[in-house]
Amino acid sequence: MGNERRLLTLVICLVLGGGGLLAVLLGASGASGPHPGHGTAGPAPTDYVDIGDVPPSPGPAAATGPDGSAGSVTVECGRNGEEHYNEDNLVVSPGVRAGAHHTHAYVGNLSADAMSTDASLDAGATSCTGGDRSTYYWPVLRRTDRPGTRPFETSAGHGNAGEILPEASVRVEFRGNPVSKVVPMPRFLRGMTGDAVAFTAGAGADVRARWGCSGSPDRSTTRYPRCPAGDLVTRTLAFPSCWNGLDTASAGHRSHLRFPEGGGVCPQGTFPVPELRLTLAYEVPAGAPIAVDSFPEQRHSPRTDHAMFVNAMTDGQMARLVDCLNTGRDCRT
């Protein structure tokens, strides 16, 4: 039965000639196996929650100790005013056009797409005012009660529909480690956070995105929040920050860059690097239906939210960032 299924998949890909389809069937954008369904329904009513029904979050996981790195660095990269969108995923499916099977929004490197190389990123223009050529990207958020009319809002195949909500703000921030000084990230380190197939996988270990409302910063949820009128809907995506000291990428896109364990301690054999945190905010009218782009069978579940980055800072830029973190300062670039 397994051989028959693999043969059928191969025949479909050969007949349709779709490199993007092949990437989807083989688990592009973070999946580890074939996608089991093709429905486009969702989100479900249970995917939404009134922010007032979300209990306050506990305090910080770990206070910064005497050997920690208490600083922070905010990288000013705008909010995608250039309308840099595509359906590519340079981290997960490099070289495959439309390999993400949904639309991503970007800040940072303005040349980033599926065909980008380290050299092309190094030469690309950037939206970051301090010259950081890294690329930071995530699935778009849509209003499903309004049709998308602009060219980048529609696609001939991925099934996500609706008006793309522009980010009211994008915060690119790096933080230190509570128990240790951090070491520089290597140039062109690839990283990802979240689980694009969390709905069908039925697991939560890699679900990392937290949603909230600007007026309730002490409350966060893995569901779409219903916010009071005047509040912004927020998405916060924290990245792993323990590097294996060897690789800039790995099979599965996770083993070379892992999350700290309890108290902020990095797993054995890894070293603390700056923790990237993306915080996105949106103007959403009270009660408007929203949905993050996803694979069709993931039903736009908020638990599938994810993001990626490629570090293209120069060695000098990274050294200044690390110095700011390790000396406990708050800096902007």
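An account of the accompanying structure is given in this report. (Residues numbered from 1 in each chain as written. Predicted model: local features only at pLDDT ≥ 70, side-chain atom pairs only at ≥ 80, totals over all residues. Heavy atoms only, no water.)

**Here's the deal with the overall build of the protein**
Looking only at helices and strands, the protein features five helices and 19 strands. A buried classification covers 50% of the 333 residues belonging to the protein. Relative to all contacts within the protein whose residues are 6 or more apart in sequence, the contacts with residues 24 or more apart total 75%. Entry remark: accessible area of the protein is about 14,600 Å², with carbon and sulfur atoms responsible for 55%. (Helix = DSSP H or I, 4+ residues; strand = E, 2+ residues; numbered from the N terminus. Buried < 20%, exposed > 50% of the residue type's maximum accessible area, 1.4 Å probe, protein only. Contact = heavy atoms within 4.5 Å. Areas by Shrake-Rupley, 256 points an atom, 1.4 Å probe, with all protein chains shown as cover.)

**Thoughts on the environment of Pro 147**
Counting through the fold element by element, Pro 147 comes out in the loop between strand S6 (141–143) and strand S7 (163–164). Using a relative accessible area of 62% as the deciding quantity, one classes Pro 147 as exposed. Separated by 17 residues in the primary sequence, Pro 147 and Ile 164 place their C-alpha atoms 9.0 Å from one another. Beyond its immediate stretch of four places on either side in the chain, Pro 147 contacts Gly 162 and Glu 163.

**A few points about empty space enclosed by the protein**
Counted according to the given criterion, the structure contains one cavity of 30 Å³ or more. Taken together, Pro 225, Arg 226, Cys 227, Val 233, Val 284, Pro 285, Ala 286, Gly 287, Ala 288 and Ile 290 form the lining of the largest cavity. Across the lining of the largest cavity, the residue classes tally to eight nonpolar, one polar and one charged. (1 Å grid on protein atoms, 1.4 Å probe; cavity = no way out; pocket = protein on both sides within 12 Å on 5 of 7 lines; lining within 4 Å. Points joined across faces, edges and corners; volume = space filled by probe spheres on them. Nonpolar A, V, L, I, M, F, W, Y, C, P; charged D, E, K, R; others polar.)

**Brief notes about the state of the cysteines**
Under the defined criterion, the tally for this structure stands at four disulfides. At a sulfur-sulfur separation of 2.0 Å, the disulfide partner of Cys 213 is Cys 227. The sign of the S-S torsion, about -90°, decides the handedness of the disulfide formed by Cys 213 and Cys 227: left-handed. Highlighted residues: Cys 213 in strand S10 (residues 210–213) and Cys 227 in the loop between strand S11 (224–226) and strand S12 (232–238), separated in sequence by 14 residues. (Disulfide = S-S within 2.5 Å.)

**Some words on the nonpolar core**
Tyr 136, Trp 138, Val 172 and Phe 174 are the most contacted members of the largest nonpolar core, which totals 53 residues. Per element, the largest residue contribution to this core is five residues, and it comes from helix H5 (residues 315–326). (Core = buried A, V, L, I, M, F, W, Y, C linked by side-chain atoms within 4.5 Å.)

**A look at H5**
The end-to-end C-alpha separation of H5 is 16 Å, in line with the 16 Å expected for 12 residues at 1.5 Å each. Among the residues of H5, those classed as buried are Gln 317, Met 318, Leu 321, Val 322, Cys 324, Leu 325 and Asn 326. In this fold, the buried residues of H5 make contact with strand S2 (72–75), strand S8 (169–175) and strand S19 (330–332). Count one or two residues on from H5 and you reach Gly 328, which has phi positive near 75°. (Expected span 1.5 Å × (residues − 1).)

**Observations regarding the sheet that holds S6**
Pairing in this open sheet of three strands is antiparallel, and the strands run S7-S6-S17 from one edge to the other. Each of the sheet's edge strands pairs with one partner strand only, and the pair in question is S7 and strand S17 (290–292). When S6 meets S17, the two strands line up antiparallel, connected through three bridges. Considered in S17, the bridge of Arg 143 is made with Ile 290. (Pairing = 2+ DSSP bridges.)

**What to know about the packing of aromatic side chains**
Tallying each qualifying case throughout the model produces five aromatic pairs. With 5.3 Å between their ring centres and 40° between their planes, Tyr 48 and Tyr 224 make a pair best called tilted. Separated by 176 residues along the polypeptide, Tyr 48 in strand S1 (residues 48–50) and Tyr 224 in strand S11 bring together distant segments of the chain. Geometrically, the ring pair formed by Phe 239 and Phe 309 is edge-to-face, given 5.3 Å between the ring centres and 90° between the ring planes. With Phe 239 in the loop between S12 and strand S13 (242–243) and Phe 309 in strand S18 (residues 306–310), the pair connects residues that are 70 residues apart, well separated along the chain. The same class applies to Phe 239 and to Phe 309, which are both buried. An aromatic cluster is defined as three or more aromatic residues linked by ring pairs; in this entry it consists of Tyr 48, Trp 211 and Tyr 224. The side chain of Arg 208 reaches across the aromatic face of Phe 259, ending 3.6 Å from its centre. The side chain of Arg 226 reaches across the aromatic face of Tyr 48, ending 4.3 Å from its centre. (Phe/Tyr/Trp six-rings, centres within 6.5 Å; stacked < 30°, edge-to-face > 60°. Lys NZ or Arg CZ within 6 Å of the ring centre and 35° of its normal.)

**Some thoughts on the pattern of salt bridges**
On inspection of all chains with the given rule, the structure shows 16 salt bridges. Across the pair Arg 187 and Asp 122 runs a salt bridge whose closest N-O atoms are separated by 2.9 Å. Of the two residues, Arg 187 is situated in the loop between S8 and strand S9 (190–194) and Asp 122 in helix H3 (residues 118–123); the sequence distance between them amounts to 65 residues. Note on Asp 122: relative accessible area 35%, which makes it partly exposed. Salt bridges sharing common partners tie together Glu 83, Arg 150 and Glu 153. (Salt bridge = Lys/Arg side-chain N within 4 Å of Asp/Glu carboxyl O.)

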